[in-house]
Amino acid sequence: VARDVLPEALRQRGARVDVVEAYRTILPPESVERARRIFEHYPPTLAVFTSSSTVSNLFQLLPEPELRQYLGQIKIASIGPVTSRTLRQRGLTVDIEASRYTIPALVEAIQSALGKFRS
């Protein structure tokens, strides 16, 4: 489910690129009940998304209206513009977005935003 940005850029520079599947994303059956239990009994204050597939996977677990209700009550952080676009396509507001598309940058963005939300 990765984007084709890197393979395309390499091909444009004359490289021969073979894209192979390195892993599969699988949702364990117990994830549905675990997700529902978390949102109902231990509602988070922040949901962090590190890829568009994390957004899609969460939306596979719970009915969209139910999930939108849960996520509409909390802050949402995104690793970058592609993930943010996927969240917005699902009708959600992105409160925090990393300026560089790395986990350390996402953590920095969250730390910075937490101070603003507390004020």
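A brief report on the enclosed structure follows. Not measured: the values here are computed from a predicted model.

### Notes on the pattern of salt bridges
Point 1. Taken as a whole and judged by the stated rule, the model has 7 salt bridges.
Point 2. One salt bridge connects R11 with E8, and the closest N-O pair in it is separated by 2.9 Å. Of this pair, R11 and E8 both sit in helix α1 (residues 5–12), 3 residues apart, which is roughly one turn of the helix.
Point 3. On the accessibility criterion, E8 (36% relative accessible area) is partly exposed.
Point 4. The salt bridge involving R36 is made with E66; its shortest N-O contact spans 2.9 Å. With a gap of 30 residues between them, R36 in helix α2 (residues 31–41) and E66 in helix α4 (residues 64–71) connect regions that are remote in the sequence.
Point 5. By relative accessible area, E66 is classed as buried at 18%.
Point 6. Shared partners join several salt bridges into a network, and the residues in it are E33, R36 and E66.

### Some remarks on the side chain of T83
Point 1. Within the fold, T83 resides in helix α5 (residues 81–89).
Point 2. Within the structure, the side chain of T83 is placed 3.5 Å from the backbone nitrogen of S52, a separation counted as a polar contact.
Point 3. Setting aside residues no more than four positions away along its own chain, T83 makes contact with F49, T50, S51, S52, V55 and S78.

### Some remarks on the sheet that holds strand β3 (residues 96–97)
Point 1. Pairing within the open sheet is parallel, and its 3 strands lie in the order β1-β2-β3. Single-partner strands in this sheet number two, and they are β1 (46–49) and β3.
Point 2. As paired elements, strand β2 (residues 75–78) and β3 share 2 bridges and run parallel to each other. Looking at the pairing, A77 lines up with I96 of β3.
Point 3. Against the sheet, α5 contacts β1, β2 and β3, and its axis sits at roughly 140 degrees relative to β2.

### Topic: α5
Point 1. All buried positions along α5 are accounted for by T83, S84, T86 and L87. An end-on view of α5 places all buried positions within 160 degrees of arc, on one side of the element.
Point 2. At the C-terminal side of α5, G91 shows a positive phi close to 85 degrees.

Conventions used here
Residues numbered from 1 in each chain as written. Predicted model: local features only at pLDDT ≥ 70, side-chain atom pairs only at ≥ 80, totals over all residues. Heavy atoms only, no water. Salt bridge = Lys/Arg side-chain N within 4 Å of Asp/Glu carboxyl O. Helix = DSSP H or I, 4+ residues; strand = E, 2+ residues; numbered from the N terminus. Buried < 20%, exposed > 50% of the residue type's maximum accessible area, 1.4 Å probe, protein only. Polar contact = N/O pair within 3.5 Å; in protein donor to acceptor, adjacent residues only side chain to side chain. Contact = heavy atoms within 4.5 Å. Pairing = 2+ DSSP bridges. Axes fitted to C-alpha atoms, helices over the stretch in contact; angles between N-to-C directions. Arc of directions from axis to C-beta.

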